[in-house]
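Listed below, chain by chain, are the residues.
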Amino acid sequence: MSKNRVEELEATVAELQSTVEGLTEELVESKERIRVLEAEIDADVPTRVPERRNSDGTGEETSQEALEAEPDDVAEAAAEADKGDQTQTENEAEDSGTDDIIVA
């Protein structure tokens, strides 16, 4: 019986070794594909967003300028958000009156 157990263990070890070899090959291939994809991403890919121009016409702007919003844009966005909140509140008020059930 011990001889049969040894054969089972040897078969299991051989199976595990082949699995590890297969997984190692897949890992190497995956790493290579990742390197290729990262190289493509790192390449300058043109975007559809047009560049903003400085007053000097260079087409580049500083990071601070890119992050700042115009005061008018902020006010407009806040006004639109307030309108949406008011409309939603009005709709909820209308709905709440029609769903009441009176039990006598």
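Before going into details, it helps to say that this report is about the structure given with it. Fair warning: this is a prediction, and the values are worked out from it, not measured in the lab. (Residues numbered from 1 in each chain as written. Predicted model: local features only at pLDDT ≥ 70, side-chain atom pairs only at ≥ 80, totals over all residues. Heavy atoms only, no water.)

### Description of the overall build of the protein chain
Summing up its helical and strand segments, the protein chain has three helices and zero strands in all. Walking the protein chain from its N terminus toward its C terminus, one meets helices and strands in the order α-α-α. Counting the 104 residues in the protein chain, one finds 1% classified as buried. Taken as a whole, the protein chain presents about 10200 Å² of accessible surface, with 53% of it coming from carbon and sulfur. (Helix = DSSP H or I, 4+ residues; strand = E, 2+ residues; numbered from the N terminus. Buried < 20%, exposed > 50% of the residue type's maximum accessible area, 1.4 Å probe, protein only. Areas by Shrake-Rupley, 256 points an atom, 1.4 Å probe, with all protein chains shown as cover.)

### Focus on the pattern of salt bridges
The final tally for this structure, using the stated rule, is one salt bridge. One salt bridge connects R35 with E32, and the closest N-O pair in it is separated by 3.2 Å. Here R35 pairs with E32, and both are found in helix α1 (residues 2-42), just three residues apart, close to one helical turn. (Salt bridge = Lys/Arg side-chain N within 4 Å of Asp/Glu carboxyl O.)

### Side note on a negative patch on the surface
Judged by side-chain charge, E21, E25, E26 and E29 come together as a negatively charged surface patch. Its location among the elements puts E29 in helix α1. (Patch = residues over 30% accessible without salt bridge, like charges linked within 9 Å, V, L, I, M, F, W, Y side chains within 5 Å. Lys, Arg positive; Asp, Glu negative; His and termini not counted. Charge placed at Lys NZ, Arg CZ, Asp CG, Glu CD.)

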